[in-house]
Amino acid sequence: GQQVMQIPQYQHVQEGEDFTTYCNSSTTLSNIQWYKQRPGGHPVFLIQLVKSGEVKKQKRLTFQFGEAKKNSSLHITATQTTDVGTYFCAGLERDGGSQGNLIFGKGTKLSVKP
Amino acid sequence: NAGVTQTPKFRILKIGQSMTLQCTQDMNHNYMYWYRQDPGMGLKLIYYSVGAGITDKGEVPNGYNVSRSTTEDFPLRLELAAPSQTSVYFCASSYSSHRLLYFGPGTRLTVL
């Protein structure tokens, strides 16, 4: 079945450093979504990428979708303590006439040292 | 709008007990989902529904049941609780299929 691998599992950075998490799928994706979960909280939708090679920015966050639509990345510039949390990618695979299957990666847990 | 609400927030069950996790959304979303989250394991889909009266199995449905009698409510039933069902359970809803999920605050369940 479809798998979505996410690396690294953990990342510890000094405040002000950059951070990147990578997501790789075993199959071609219809779209990829990114979610953030603060400690003790619930996942919150950040963004959806649909087109091959798509790049989207949200302030200090840059999201990319690979040309083959099998990988994605989230890059945070100059991390702040408010960026702390776990970042999940979720790949949507279309399978014929089915509703599709959204598969979550295991997440990258980001900690930021002030 | 309250969004997606879940009750209870916490629950401890004994092995073999039953319970229902409640989930309600006020966004008039047709699609609703139940996920479980185990430490370091991401989110696994238990069941989902594409509208009132329609439910389907996800990746890990064994030991659970759902119903969807209204657009707003999507309860998850555990019939015979087992320690393997210790987890955090999230309900979610969306306007379109498997896109832009709105998650509830979660229910932390411990089975002893």
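Predicted, not measured: the structure shown is a model, and the values here were computed from it.

**Considerations on the overall build of chain A**
Okay, so step 1: A count of helices and strands for chain A gives 0 helices and 11 strands.
Okay, so step 2: Written out in order from the N terminus, the α and β elements of chain A read β-β-β-β-β-β-β-β-β-β-β.
Okay, so step 3: For chain A, the C-alpha radius of gyration of 14 Å lies close to 13 Å, the compact-globule estimate for 114 residues.
Okay, so step 4: With respect to the principal axes defined by its C-alpha atoms, chain A has extents near 50 × 30 × 20 Å.
Okay, so step 5: Burial status across chain A gives 47% buried among its 114 residues.
Okay, so step 6: With the model as given, the accessible surface of chain A reaches about 5,700 Å², and the carbon-plus-sulfur share is 50%.
Okay, so step 7: Of the charged side chains in chain A, 13 are positive and 8 negative, and the gap between their average positions amounts to 4 Å.

**Let's talk about the pairing of strand β6 (residues 54-57) of chain B**
Residues and elements named next belong to chain B.
Okay, so step 1: Of the pairings in the sheet, the one linking strand β5 (residues 43-51) to β6 comprises 3 bridges and is antiparallel in character. Directly across from Tyr 48, in β6, lies its bridge partner Asp 56.
Okay, so step 2: From the end of β5 to the start of β6, which pair antiparallel, there are 2 residues, and Gly 53 there has a positive phi angle of about 85°.

**Some words on the interface of chain A and chain B**
Okay, so step 1: With 20 residues of chain A at the interface, the matching set in chain B holds 18 residues.
Okay, so step 2: Our count for the contact surface shared by chain A and chain B stands at 0 salt bridges.
Okay, so step 3: The interface formed by chain A and chain B contains 3 residue pairs in polar contact (both at pLDDT 80 or more).
Okay, so step 4: Those elements that provide at least two residues to the side of chain A that touches chain B are β4 (31-37), β5 (43-49), β9 (85-93) and β10 (101-104) of chain A.
Okay, so step 5: At 4 residues, the largest contribution of residues to the side of chain A that touches chain B is made by β4 of chain A.
Okay, so step 6: Considered class by class, the residues forming the side of chain A that touches chain B number 7 nonpolar, 11 polar and 2 charged.

Procedures and definitions
- Residues numbered from 1 in each chain as written.
- Chains lettered and ligands numbered in written order.
- Predicted model: local features only at pLDDT ≥ 70, side-chain atom pairs only at ≥ 80, totals over all residues.
- Heavy atoms only, no water.
- Helix = DSSP H or I, 4+ residues; strand = E, 2+ residues; numbered from the N terminus.
- Rg over C-alpha atoms; globule rule 2.2 N^0.38 Å.
- Buried < 20%, exposed > 50% of the residue type's maximum accessible area, 1.4 Å probe, protein only.
- Areas by Shrake-Rupley, 256 points an atom, 1.4 Å probe, with all protein chains shown as cover.
- Lys, Arg positive; Asp, Glu negative; His and termini not counted.
- Charge placed at Lys NZ, Arg CZ, Asp CG, Glu CD.
- Pairing = 2+ DSSP bridges.
- Contact = heavy atoms within 4.5 Å.
- Salt bridge = Lys/Arg side-chain N within 4 Å of Asp/Glu carboxyl O.
- Polar contact = N/O pair within 3.5 Å; in protein donor to acceptor, adjacent residues only side chain to side chain.
- Nonpolar A, V, L, I, M, F, W, Y, C, P; charged D, E, K, R; others polar.

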